[in-house]
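The residues making up each chain are set out below.
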Amino acid sequence: MTEKTPLALPYKPQEGADPSELTVGGSVTLDHLGPIVVGVDGSMQRITNWDTLTEAERKNTMRVVAKRNKQRLEQLALAEVAVDPQGDLLSALESKE
């Protein structure tokens, strides 16, 4: 069996940032990787070809992804909590006996 080497993220330095220095509690921007897409099951991933999109494609993609992410997060939040007939809060994922 051959061992696969994991793929590395592309290096794109931020303006005014020293890539070799990271402070505890500091922040790192990953904007160059594109938006996070929320799946219908709550999973998250990035758009793999973000770096090849034109500026117009990126703008349109951001608009569509933001709208869809909002809808999916709202649906996931509604599915997470339900109320039983006695008024007790239940997780929608709990088995009802």
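A brief report on the enclosed structure follows. Keep in mind that this is a model prediction, so the values were computed, not measured. (Residues numbered from 1 in each chain as written. Predicted model: local features only at pLDDT ≥ 70, side-chain atom pairs only at ≥ 80, totals over all residues. Heavy atoms only, no water.)

Some remarks on the overall build of the chain
Rule in force here: Each helix is a run of DSSP H or I of at least 4 residues and each strand a run of E of at least 2, with the numbering of both proceeding from the N terminus. Method for areas: the Shrake-Rupley scheme with a 1.4 Å probe, in which residue coverage is limited to the protein chains shown.
Scanning the chain from terminus to terminus reveals one helix and four strands. Reading the secondary structure of the chain in the N-to-C direction produces β-β-α-β-β. Carbon and sulfur atoms provide 56% of the accessible area of the chain, an area that totals close to 8,800 Å².

Notes on the nonpolar core
Condition: Note on terminology: a nonpolar core comprises buried Ala, Val, Leu, Ile, Met, Phe, Trp, Tyr and Cys residues joined through side-chain atoms within 4.5 Å. Think of it in three bands: with a 1.4 Å probe and only protein chains considered, a residue is buried below 20% of the maximum accessible area for its type, exposed above 50%, and partly exposed in between. We call two residues contacting when some pair of their heavy atoms lies within 4.5 Å.
Counting five residues, the largest nonpolar core consists of V37, I47, W50, L53 and V65. Aside from chain neighbours lying at most four places away, what touches W50 is D31, H32, L33, G34, P35, R58, T61 and M62.

Notes on the environment of G34
Within the secondary structure layout, G34 lies in the segment before β1 (36–38). The spacing of G34 and W50 is 16 residues in sequence and 5.8 Å in space, taken between C-alpha atoms. Each residue touching G34, except ones within four places of it in the same chain, is listed here: R46 and W50.

Functional significance is not addressed by these values, which are geometric in nature.
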